[in-house]
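Below are the chains, spelled out letter by letter.
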Amino acid sequence: MPHTVIESAPSLSPTSPAQAPLDVARLRQDFPILAREVHGKPLIYLDNAATSQTPQQVIDVFSDYYSRYNANIHRGLHTLADEATAAFEGTRHRVRAFLNAEDARQIIFTRGTTEAINLVAQSWGRKNLAPGDEVLISMLEHHSNIVPWQLLAAEIGFTIKVIPVEANGTLDLAAYRALLSERTKLVAVNHVSNAFGTVNPVQEMAALAHHQGAVILVDGAQAAPHQVVDVQAIDADFYAFSGHKVYGPTGVGVLYGKQALLEAMPPWQGGGEMINTVSFDVGTTFAAIPHKFEAGTPAIAEVIALGRALEWMESVGVSAIGAWEGQLLAHATQAAGRIDGLRILGTAPDKAAVLSFIVDGAHSQDIGLLIDQLGVAIRTGHHCAQPLLHHFGVDATCRASFAAYNTLEEVDRFIEALQRVINMVR
Ligand code: PLP
């Protein structure tokens, strides 16, 4: 059977433009894990930037899939294969709508943001970058938007230049303008910084990149969970995000690309699913996008579950989620500011739901371990952004990050617990 991206979108519940305030108490009931205790205390989960929790509707996809229609997709002629293919391709349509992409063929399933960026590096980058070219990344990048370019630069010999940050964690746009030149072939930046929460002006950055004839890749891993993303409005050439940060499962993510770019790119991995014909005599021809980039059996249940997670987000309202998290962040920022010796890193005016901080006389690691004993899960360390932390003269911070299901009471309990822990270690 030839590869298909099913033409008509399966019935999708519409994204509601009306954004009523969140009924947090109700939506918390969707998350069984939030009812558990840690060290005898109610769990307060504030590590959402690393991985968000998963609603029952998404968890149910796995038992439903494996108990009713587990089958390999695209190639089968039997009912189970048809059902699995329809559900899998249904997610492609849902992601298209979620990102406002032009066409479902521009949505490629990957294992996550990391793999999506590596795909662009190995396919687009290998074909389009040459010695003397420049790739601009920013000081705010996650390692997954640094290392793939370093690996390729070591082979090809292009130069990586870094857009600096201001003291409050915003990108220095004047420096960005100055760095852009006819040598710039690619700008690769995150939409939202995972370490500081800074929201970058990617639309403006895309316009400036395009003015120089450069392509822009936007790492949306920390934006997709918190704000409505419109790849056409941004005019992103590539946009990536991960399932496990948008209330979905691990092992699945998305690369969006502009159609002409994707069509001109060579395959990245070879194998089944990505070919038209294979021959020892006349060579192999490749499938059209998106299948050209989806070699092998994909994570079928995970992709279907990702679709369910996006449906959950849309039923709650993506803008409403972002607005609520903004309230949580403002409340936490104010309360943390009253703690003696606590310094917040990243105080950009436009921030997503991330509070990164250090405390005089207290190691971040100790804070993380001790606050866990009080039931509070935060992240400590370099957050896979070592160059950024190094630039700010620290090797670790504590990071609390918020999601739709967090409450103001949880923020208060987190701040109380933090104060207790600081008193213990000082
Ligand atoms: N980019 C950013 C900004 C991130 O925060 C993360 C994960 O924390 C990644 C990329 C990598 O995502 P994944 O590990 O899901 O591939």
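What you see is a predicted model; the values in this text were computed from it and never measured.

## Brief notes about the site of the ligand
Neighbouring residues of the ligand: Gly112, Thr113, Thr114, His142, Ser144, Asn194, Asp219, Ala221, Gln222, Ser242, His244 and Lys245. Asp219 has a polar side-chain atom sitting 2.5 Å from a nitrogen atom of the ligand. One nitrogen or oxygen atom from the side chain of His244 is found 2.7 Å from an oxygen atom belonging to the ligand. In the complex, 85% of the free accessible area of the ligand, which totals 390 Å², lies under the protein chains. Its atoms largely coinciding with the cavity grid, the ligand occupies the largest pocket. Of the residues belonging to the shell around the ligand, the class tally is 1 nonpolar, 9 polar and 2 charged.

## Observations concerning the domain arrangement of the chain
For the chain, the domain assignment lists domain 1 (41–54 + 317–425) and domain 2 (63–314). Computed from C-alpha atoms alone, the centre-to-centre distance between domain 1 and domain 2 is 28 Å. Domain 1 puts 38 residues into the contact, and the matching count from domain 2 is 33 residues. Inspection of the domain 1/domain 2 interface yields 0 salt bridges. Linking domain 1 to domain 2 there are 22 residue pairs in polar contact (both at pLDDT 80 or more).

## Examining helix 5 (residues 147–156)
For helix 5, the complete set of buried residues consists of Pro148, Trp149, Leu152, Ala153 and Ile156. Buried positions in helix 5, seen along its axis, are confined to an arc of 130° and lie on one side of it. The exposed residues of helix 5 that point more than 90 degrees off its buried face are Leu151, Ala154 and Glu155. Elements that come into contact with the buried residues of helix 5 comprise helix 4 (113–128), strand 5 (134–138), strand 6 (159–163), strand 7 (184–190) and strand 8 (215–219).

## Quick notes on empty space enclosed by the protein
Following the criterion strictly, the structure yields 1 cavity of 30 Å³ or more and no others. Counted as a void, the largest cavity has a volume near 60 Å³. Together, Asn48, Ala49, Ser52, Gln222, Pro225, His226, Lys245, Tyr247, Glu325, Ser401, Phe402 and Ala403 line the largest cavity. The residue inventory of the lining of the largest cavity, partitioned by class, reads 5 nonpolar, 5 polar and 2 charged. Shared between two domains, the lining of the largest cavity holds at least three residues of each, these being domain 1 (41–54 + 317–425) and domain 2 (63–314).

## Here's the deal with the UniProt feature "domain: Aminotransferase class V" (unreviewed entry) in the chain
What UniProt calls "domain: Aminotransferase class V" (unreviewed entry) maps, in this numbering, to residues 44–414. Helix makes up 40% of residues 44–414 and strand makes up 17%, while its end C-alpha atoms are separated by 8 Å.

## With respect to the sheet that holds strand 6
Ordered by their spatial adjacency, 7 strands build an open sheet running 4-10-9-8-7-5-6, and the pairing between neighbours is mixed. Pairing within the sheet leaves two strands with one partner each, and these edge strands are strand 4 (107–110) and strand 6. Sheet twist, expressed as the average angle between the axes of neighbouring strands with direction ignored, equals 20°. Note: strand 4 against strand 10 (residues 253–257), 4 bridges, orientation antiparallel.

## A closer look at the nonpolar core
In this structure, Leu99 and Phe414 are the most contacted members of the largest nonpolar core, which totals 114 residues. At 11 residues, the largest contribution of residues to this core is made by helix 10 (residues 300–316). Residue contributions to this core reach at least three from each of two domains, namely domain 1 (41–54 + 317–425) and domain 2 (63–314). Those residues in contact with Phe414, other than ones at most four positions away along the chain, are Ile44, Leu46, Leu355, Phe357, Ile371, Val376, Ile378 and Ala400. Ala116, Trp149, Val215 and Leu217 belong to the second largest nonpolar core, which has 27 residues in total.

## A short note on the confidence of the model for the chain
Detail in the predicted coordinates should be disregarded across regions flagged by low pLDDT. Across the chain, the average pLDDT comes to 95, with 95% of residues at 70 or higher. Contacts from residues 6–19, a stretch scored under 50 in pLDDT, to residues over four places away or in other chains number 24 contacts.

## Points about the packing of helix 11 (residues 318–337) against helix 14 (residues 408–425)
Across the interface, helix 11 lies against helix 14 with an axial gap of 10 Å and an inter-helix angle of 25°. Between helix 11 and helix 14, the angle falls in the class roughly parallel. When the axes of helix 11 and helix 14 are compared, the crossing they make is right-handed. Within the contact between the two elements, helix 11 uses Trp324, Gln327, Leu328, His331, Ala332, Ala335 and Ala336 and helix 14 uses Leu408, Val411, Asp412 and Ile415.

## Points about the pattern of salt bridges
With the rule as written, the count across this model stands at 20 salt bridges. For Asp64, the salt bridge goes to Arg68, with nearest N and O atoms at 2.7 Å. In this pair, Asp64 and Arg68 are both assigned in helix 2 (residues 56–69), 4 residues apart and thus about one turn of the helix distant. The salt bridge partner of Arg92 is Glu89, with a shortest N-O separation of 2.7 Å. Within this pair, Arg92 and its partner Glu89 are both found in helix 3 (residues 79–99), separated by 3 residues, close to a single helical turn. Glu89 shares its class with Arg92; the two are buried.

Analysis parameters
Residues numbered from 1 in each chain as written. Predicted model: local features only at pLDDT ≥ 70, side-chain atom pairs only at ≥ 80, totals over all residues. Heavy atoms only, no water. Near = heavy atom within 4 Å. Polar contact = N/O pair within 3.5 Å; in protein donor to acceptor, adjacent residues only side chain to side chain. Areas by Shrake-Rupley, 256 points an atom, 1.4 Å probe, with all protein chains shown as cover. 1 Å grid on protein atoms, 1.4 Å probe; cavity = no way out; pocket = protein on both sides within 12 Å on 5 of 7 lines; lining within 4 Å. Sits in = over half its atoms within 2 Å of the grid points. Nonpolar A, V, L, I, M, F, W, Y, C, P; charged D, E, K, R; others polar. Domains from an automatic or database assignment. Contact = heavy atoms within 4.5 Å. Salt bridge = Lys/Arg side-chain N within 4 Å of Asp/Glu carboxyl O. Buried < 20%, exposed > 50% of the residue type's maximum accessible area, 1.4 Å probe, protein only. Helix = DSSP H or I, 4+ residues; strand = E, 2+ residues; numbered from the N terminus. Arc of directions from axis to C-beta. Points joined across faces, edges and corners; volume = space filled by probe spheres on them. UniProt positions renumbered as here; feature names shortened; annotations may be inferred. Pairing = 2+ DSSP bridges. Axes fitted to C-alpha atoms, helices over the stretch in contact; angles between N-to-C directions. Core = buried A, V, L, I, M, F, W, Y, C linked by side-chain atoms within 4.5 Å. pLDDT = per-residue confidence, 0-100. Parallel < 35°, antiparallel > 145°, perpendicular 65-115°, else oblique. Left-handed = near helix turned anticlockwise from the far one by under 90°.

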